[in-house]
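In case you want the letters, here they are:
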Amino acid sequence: MFIEPLIGNNHPKSQKGHIEVICGSMFSGKTEELIRRLNRALIAKQRVEIFKPAVDTRYHTYNVVSHNENEIRSTPVNFADDIMLLAGDCDVIGIDEVQFFDQQIVSVANKLASLGKRVILAGLDMDFEGQPFEPMPQLLAIAEYVTKVHAICMKCGDLASYSFRLSGEKRKVMLGEKDAYEARCRKCFYEEKK
Ligand SMILES: [Zn+2]
């Protein structure tokens with residue numbers, strides 16, 4: 001499996017930025033993969049920070065701690081533009097749960113990469129109805145490197161790309177209730193969605 005891009009020269013001094021996207025369903029390990037990449041950059045003494053939408057604070061109340069006990073600061077922000085103001089000193093910028101950001105996140109990611117930064121975005125690529133979750137489609141289009149990670153279908157054990165909502169709730173964003181979802185493969189998702 002393709003885990004991480006072979007990046008020719010991602011040393012911060014090279015001033016060549018780029019965008020990586022890690023996408024997938026719920027329970028696919030997107031955040032773990034983001035943290036793995038950031039921890040390795042931290043070990044190499046690069047300056048690293050994680051941003052997340054303020055709406056999502058109930059999932060990530062922890063700070064991420066790496067092997068050498070340096071901390072990756074995890075900063076909640078209300079708007080994508082706030083990241084431009086806060087990320088100036090970073091070499092590597094992780095942004096988690098990007099699907100909860102406004103559309104501005106697309107130009108913010110482009111600007112940061114053009115400033116020479118490594119930008120790693122993680123988030124859901126589809127909503128609970130199996131539709132593309134904006135603004136992820138735009139982020140996938142502008143990224144140099146894309147990694148789609150998979151969960152395991154809780155019905156059949158196959159690889160899963162869909163987040164199935166167990167309740168009949170129709171709101172697109174339903175927060176704080178991971179128990180309300182199951183990872184599903186295509187077949188099991190559409191069989192029960194009907
Ligand atoms: Zn299945």
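What you are looking at is a predicted structure, and each value in this text was computed from that prediction instead of being measured.

Examining the overall build of the chain
At step 1: When its secondary structure is counted, the chain shows five helices and eleven strands.
At step 2: Of all 194 residues assigned to the chain, the portion counted as buried reaches 39%.
At step 3: Sequence-distant contacts in the chain: of pairs separated by 6 or more residues, those separated by 24 or more amount to 72%.

Things to note about the UniProt feature "binding site: ATP" (unreviewed entry) in the chain
At step 1: As recorded in UniProt, the sites labelled "binding site: ATP" (unreviewed entry) are Gly24, Ser25, Met26, Phe27, Ser28, Gly29, Lys30, Thr31, Asp96, Glu97, Val98 and Gln99.
At step 2: Mapping Ser25 onto the fold places it in the loop between β1 (18–24) and α1 (30–43).
At step 3: Not counting chain neighbours up to four residues away, the residues in contact with Ser25 comprise Leu124, Met126, Ala151, Ala160, Ser161, Tyr162, Ser163 and Ala183.
At step 4: As for its placement among the helices and strands, Ser28 is situated in the loop between β1 and α1.
At step 5: The class of Ser28 is buried, set by 24 C-beta atoms lying within 10 Å.

Let's talk about the confidence of the model for the chain
One rule of thumb: low pLDDT means the predicted coordinates there are not for detailed reading.
At step 1: Residues with a pLDDT of 70 or more make up 81% of the chain, whose mean pLDDT is 86.
At step 2: Under a pLDDT of 50 for its full length, residues 64–68 has, in the predicted model, 13 contacts with residues more than four places off or in other chains.

Description of the UniProt feature "binding site: Zn(2+)" (unreviewed entry) in the chain
At step 1: With numbering aligned to this structure, UniProt lists the feature "binding site: Zn(2+)" (unreviewed entry) at Cys153, Cys156, Cys185 and Cys188. Separation in sequence by 36 residues is not matched in space for these annotated residues, since their most distant C-alpha atoms are only 8.0 Å apart.
At step 2: Structurally, Cys185 is set in the loop between β11 (181–184) and α5 (186–193).
At step 3: Those residues in contact with Cys185 that sit more than four places away from it in its chain are Cys153, Cys156, Asp158, Leu159 and Ala160.
At step 4: Take Cys188: it is sitting in helix α5.

Focus on the pairing of β11
Along a regular strand, successive side chains alternate from one face of the sheet to the other.
At step 1: Every second residue of β11 is oriented toward a common face, with Tyr181 and Ala183 on one face and Glu182 and Arg184 on the other, all of them buried.
At step 2: Pairing geometry for strand β10 (residues 162–165) and β11, over four bridges, is antiparallel. If you follow Arg165 over to β11, its bridge partner there is Tyr181.

Section: the nonpolar core
At step 1: Formed by 49 residues in total, the largest nonpolar core has its most connected members in Leu38, Ile93, Val98, Ala109, Val119, Leu121 and Leu139.
At step 2: For this core, the leading source of residues is helix α3 (residues 105–114), giving six residues.
At step 3: Look past the residues within four positions of Val98 in its chain and what remains in contact with it is Ile105, Leu121, Ala122, Gly123, Met136 and Leu139.

Quick look at the pairing of β1
At step 1: When you tally the buried positions in β1, you get six out of seven residues, the bulk of the element.
At step 2: Here β1 runs beside strand β6 (residues 118–124); their pairing, made up of seven bridges, is parallel. Bridge pairing links Gly24 to Leu124 in β6.
At step 3: One ladder, built from five bridges, connects β1 with strand β7 (residues 145–149); its direction is parallel. Residue Val21 lies in a different strand from β7, and its bridge partner there is Val146.

So, α3
At step 1: Buried within α3 we find Ile105, Val106, Val108, Ala109, Leu112 and Ala113. Looking down the long axis of α3, one finds its buried residues gathered within 165° of arc, a one-sided arrangement.
At step 2: Elements in contact with the buried residues of α3: β1, α2 (80–86), β5 (92–95), β6 and α4 (136–142).

About the cut-offs
- Residues numbered from 1 in each chain as written.
- Predicted model: local features only at pLDDT ≥ 70, side-chain atom pairs only at ≥ 80, totals over all residues.
- Helix = DSSP H or I, 4+ residues; strand = E, 2+ residues; numbered from the N terminus.
- Buried ≥ 20, exposed ≤ 12 C-beta atoms within 10 Å, placed from the backbone.
- Contact = placed C-beta atoms within 7 Å.
- UniProt positions renumbered as here; feature names shortened; annotations may be inferred.
- pLDDT = per-residue confidence, 0-100.
- Pairing = 2+ DSSP bridges.
- Core = buried A, V, L, I, M, F, W, Y, C linked by C-beta atoms within 7 Å.
- Arc of directions from axis to C-beta.

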